[in-house]
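Notes for the structure review
In case you want the letters, here they are:
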Amino acid sequence: MASRKRIVRISLLTLLGIILITLVFLPLAVKNYAIKHSKELLGRQIDIEKLKFNYFTGTLRIYGFKMFEQNEKDVFTSFDTLIVNTEPYKLINNTKSIEQFYLEGLNVNIIKKDSAYNFDDLIAFFMAKDSVPKDSLEATVFKYALSNLELKHASFNVYEFNLDHTTTVEDLSFFIPFIGWDQENKSTADIEFNFKKGGYFESSFNVNPTNGEFDASVVVKDLYLDPFYKYAAQYALINTLEGRVSTKLKIEGNIYTPQTSLVSGNVSLNDFLMTDTTNKKILGSKQVTCDLEALDISKNSYKIESVTIDDPYAYFQLDSISNNLFRTFKYDPNEPSHEVTSDTISSNVYYAINHFKVNDGTLDYTDNLTGQPFDYHLSQIDINTNNILSDSKWIDINSQMLLNNRGSLNAQIGFNPSDPLYTNLDLEVKNFLLSDLNIYSTYYTGHSVIQGDMFYYSHSTITNGDIASENKLVIKDVSVNSNKKGLVTLPLKFVIYILKDKNGDIDLDVPVRGDLKNPEIDV
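This write-up is about the structure you can find in this document. In this text, all values refer to a predicted model and were calculated from it rather than measured experimentally.

Quick notes on the rules
- Residues numbered from 1 in each chain as written.
- Predicted model: local features only at pLDDT ≥ 70, side-chain atom pairs only at ≥ 80, totals over all residues.
- Heavy atoms only, no water.
- Helix = DSSP H or I, 4+ residues; strand = E, 2+ residues; numbered from the N terminus.
- Rg over C-alpha atoms; globule rule 2.2 N^0.38 Å.
- Buried < 20%, exposed > 50% of the residue type's maximum accessible area, 1.4 Å probe, protein only.
- Contact = heavy atoms within 4.5 Å.
- Areas by Shrake-Rupley, 256 points an atom, 1.4 Å probe, with all protein chains shown as cover.
- 1 Å grid on protein atoms, 1.4 Å probe; cavity = no way out; pocket = protein on both sides within 12 Å on 5 of 7 lines; lining within 4 Å.
- Points joined across faces, edges and corners; volume = space filled by probe spheres on them.
- Pairing = 2+ DSSP bridges.
- Salt bridge = Lys/Arg side-chain N within 4 Å of Asp/Glu carboxyl O.
- Core = buried A, V, L, I, M, F, W, Y, C linked by side-chain atoms within 4.5 Å.
- Arc of directions from axis to C-beta.
- Patch = residues over 30% accessible without salt bridge, like charges linked within 9 Å, V, L, I, M, F, W, Y side chains within 5 Å.
- Lys, Arg positive; Asp, Glu negative; His and termini not counted.
- Charge placed at Lys NZ, Arg CZ, Asp CG, Glu CD.
- Phe/Tyr/Trp six-rings, centres within 6.5 Å; stacked < 30°, edge-to-face > 60°.
- Lys NZ or Arg CZ within 6 Å of the ring centre and 35° of its normal.
- Polar contact = N/O pair within 3.5 Å; in protein donor to acceptor, adjacent residues only side chain to side chain.

**Observations concerning the overall build of the protein**
- Within the protein one finds seven helices and 24 strands.
- What you see for the protein is a C-alpha radius of gyration of 36 Å, clearly larger than the 24 Å of a compact globule of 523 residues, by over 25%.
- Principal-axis analysis of the C-alpha atoms gives the protein an extent of 145 × 45 × 40 Å.
- The buried share among the 523 residues of the protein stands at 32%.
- For the protein, long-range pairs separated by at least 24 residues make up 53% of all intrachain contacts whose partners lie at least 6 apart in sequence.
- When the accessible surface of the protein is summed, it comes to about 32,100 Å², and 58% of that surface belongs to carbon and sulfur atoms.

Laid out in structure tokens, this is it:
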């Protein structure tokens, strides 16, 4: 009897030992099997450094995972640590439950050539494997409970073969506390990652699983533009694209009708610079800020609270055929695709810019229309206007600027944007140096201006095309010199002599009347 008990004890211990040894070495066997048969299971060769499983907690740990490219040498994707903590006992209630999903150090290398990607074979592999017939799917409720979903320190590298350019997203992380099939409270998801040159991206997403309503916040800090230069160079002849974009957006809507979402927040562009193929600066700005009141794409409604442009710069070069900006952006106004007609503008679009302002702008103008380069410098440009609406009946714009570092211009214009035959204009020019126009005066009249300052004041109104303009022109201390014959022969010296008053100034009042619809002007 004792020997029989001993045999049973030994047998049980032996069986228990075999089970324990099997459980101990099972993860190793699974790891080796997965590596050996990975092409059959996943379509690519993989490698795993370690695989562990805790039978008491239901926790799977994988360390040092790699999936290779089709050449079995280059790494397509890898991660340092994967932890999946399951709750097997909930399977009794037919609920698939994960207490923790933690993935750290994920690295994905994506390559695009033409329209093909280096993962197209994986998509084809898994699409072919998906052979479950629809009739076999049970019409039962899929119960799930997913907790503590976390991605940490991930990175994505996208290489554009045709552009020989790599875009990198570094240190991507997100955390979702809970997602459940019968969840009543909002789910939250937080995502963040760093940009390679500095700055970061943050996002928070909250969704109500019962009705689908959500709200999200998106924060971008200092996204540098120069990594996108090669993309922009496909559409513009440029050598440089620099600047930093920052934004803080709020998005509200419903996941079942995402097209009805509302977007609000602000966007800014700092230290913007663009140069042409000769490395000439053509566009720039210290800062551009835009406050978004509400963007509703579903209703074609775009409400902007304010747009402010600080220290903008533009270089404009005109010739007899085109200009530098048209050439830079490959724009031909004569092409049929660039023609703007009433059919191409939707009357259902509503837009509103409540405040628009330009501070301390600069424009460098040059042309070669006379055979000699003419350069003119406009600086300290300030523009201010309010209530630019798609249904505005009247818009007022105030502006001022410095003319070639000496003269000044102040202008106030009001107009009906839907009918420009209703316009008011007040213009004031002071200390305009006439010799700045010597290239033109010599070319057209054969005279150059030695000295002279111009002052000009104008008050004009246009009512249904009828123009009434009061103009006052004052020229002080003017003298000219005859050079050679211009395109038009004018006795300019004699004209100036006749027009000068006893103080040596030219003082003219020039009223103008006429009908723009029937342009016969009375002066």
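**A short note on the layout of surface pockets**
- Put simply, the largest pocket is a space of about 280 Å³.
- Lining the largest pocket are 17 residues, with Leu 434, Ile 475, Val 478, Leu 492 and Ile 496 positioned closest to its centre.
- Elements with a minimum of two residues in the lining of the largest pocket: helix H6 (438-445), strand E21 (447-463), strand E22 (466-482), helix H7 (492-499) and strand E23 (506-515).
- Here the second largest pocket defines a volume of roughly 230 Å³.
- What lines the second largest pocket is a set of 15 residues, among which Thr 167, Thr 168, Lys 196, Leu 223 and Pro 227 lie closest to the centre.
- Mapped onto the lining of the second largest pocket, the elements with two or more residues apiece are strand E8 (165-180), strand E9 (187-195) and strand E11 (213-224).
- At five residues, E8 tops the list of elements feeding residues into the lining of the second largest pocket.

**Regarding the pairing of strand E1 (residues 46-54)**
- In terms of strand pairing, E1 meets strand E2 (residues 59-68) through eight bridges, oriented antiparallel. Residue Lys 50 lies in a different strand from E2, and its bridge partner there is Tyr 63.
- Turn length for the E1-E2 hairpin, with the two strands adjacent in sequence and antiparallel, is four residues, and the turn residue Gly 58 shows positive phi of about 70°.

**Some words on the pattern of salt bridges**
- The full count for this structure, using the stated rule, is 13 salt bridges.
- Here Asp 271 ties to Arg 244 by a salt bridge, and the two come within 2.6 Å at their closest N and O atoms. Here Arg 244 lies in strand E12 (residues 238-254) and Asp 271 lies in strand E13 (residues 262-276), a separation of 27 residues in the sequence.
- A relative accessible area of 42% means that Asp 271 is categorised as partly exposed.
- Ionic pairing is found between Arg 327 and Asp 319, a salt bridge with its closest N-O pair at 2.7 Å.
- Using a relative accessible area of 36% as the deciding quantity, one classes Arg 327 as partly exposed.
- When salt bridges with common partners are traced through the structure, they connect Arg 44, Glu 69 and Asp 121 into a single cluster.

**Side note on the nonpolar core**
- Counting residues in hydrophobic clusters, the biggest one holds 25 residues, and the most contacted among them are Ile 48, Ile 62, Phe 65, Phe 79 and Leu 106.
- When residues of this core are traced back to their parent elements, those giving at least two are helix H1 (2-36), E1, E2, strand E3 (75-86), strand E5 (107-113), strand E7 (143-160), E9 and E11.
- Sort the elements by how many residues they give to this core and E3 lands first, with four residues.
- Beyond its immediate chain neighbours, meaning those up to four positions away, Phe 65 contacts Ile 46, Asp 47, Ile 48, Thr 77, Ser 78 and Phe 79.

**Some remarks on H6**
- Of all the residues in H6, the buried ones are Ser 441, Thr 442 and Thr 445. Buried residues in H6, looked at end-on, bunch into an arc of 105°, giving them a common side.
- Where H6 is buried, its residues touch E21 and H7.
- A positive phi of about 75° marks Gly 446, the residue just after H6.

**Re the pairing of E12**
- Bridge analysis of E11 against E12 gives ten bridges, and the strand direction is antiparallel. Within E12, the position partnered with Ser 217 by the bridge is Lys 250.
- Here 13 bridges tie E12 to E13, and the two strands are oriented antiparallel to one another. Directly across from Thr 240, in E13, lies its bridge partner Thr 275.

**A few points about a negative patch on the surface**
- Judged by side-chain charge, Glu 170, Asp 171, Asp 190, Glu 192 and Glu 202 come together as a negatively charged surface patch.
- Those elements that place two or more of their residues in the negative patch are E8 and E9.

**Points about the packing of aromatic side chains**
- Summed over the entire model, instances satisfying the criterion amount to 16 aromatic pairs.
- Here Phe 193 and Phe 201 contribute two aromatic rings whose centre-to-centre distance is 4.8 Å and whose plane-to-plane angle is 15°, an arrangement assigned as stacked.
- Residue Phe 193 is classed as buried on the basis of its relative accessible area, which comes to 14%.
- Members of the aromatic cluster, joined through ring pairs, are Phe 316, Tyr 365, Phe 374, Tyr 376, Phe 432, Tyr 440, Tyr 443 and Tyr 444.
- Over the face of the ring belonging to Phe 161 we find Lys 113, whose NZ or CZ atom lies 4.6 Å from the ring centre.
- Sitting above the plane of the Tyr 315 ring, Lys 280 keeps its charged end 4.6 Å from the centroid.

**What to know about the side chain of Thr 275**
- In this fold, Thr 275 is placed in strand E13.
- Taking relative accessible area as the criterion, Thr 275 reaches 6% and is therefore assigned buried.
- Of the polar contacts made by the side chain of Thr 275, one reaches the side chain of Thr 240; its length is 2.8 Å.
- Here Thr 275 is in contact with Ile 238, Asn 239, Thr 240, Lys 280, Lys 281 and Ile 282, once residues within four sequence places are set aside.

**A few points about a nonpolar patch on the surface**
- Together, Leu 26, Val 30, Phe 53, Tyr 55 and Phe 56 make up a nonpolar patch on the protein surface, roughly 520 Å² of accessible area in all.
- As for its position among the elements, Leu 26 is in helix H1.

**What about the environment of Tyr 350?**
- By secondary structure assignment, the location of Tyr 350 is in strand E16 (residues 350-367).
- For the pair formed by Tyr 350 and Lys 299, sequence separation is 51 residues and the distance between their alpha carbons is 8.3 Å.
- Dropping the residues within four chain positions of it, Tyr 350 is found in contact with Asn 300, Ser 301, Tyr 302, Lys 303, Leu 389, Ser 390 and Asp 391.

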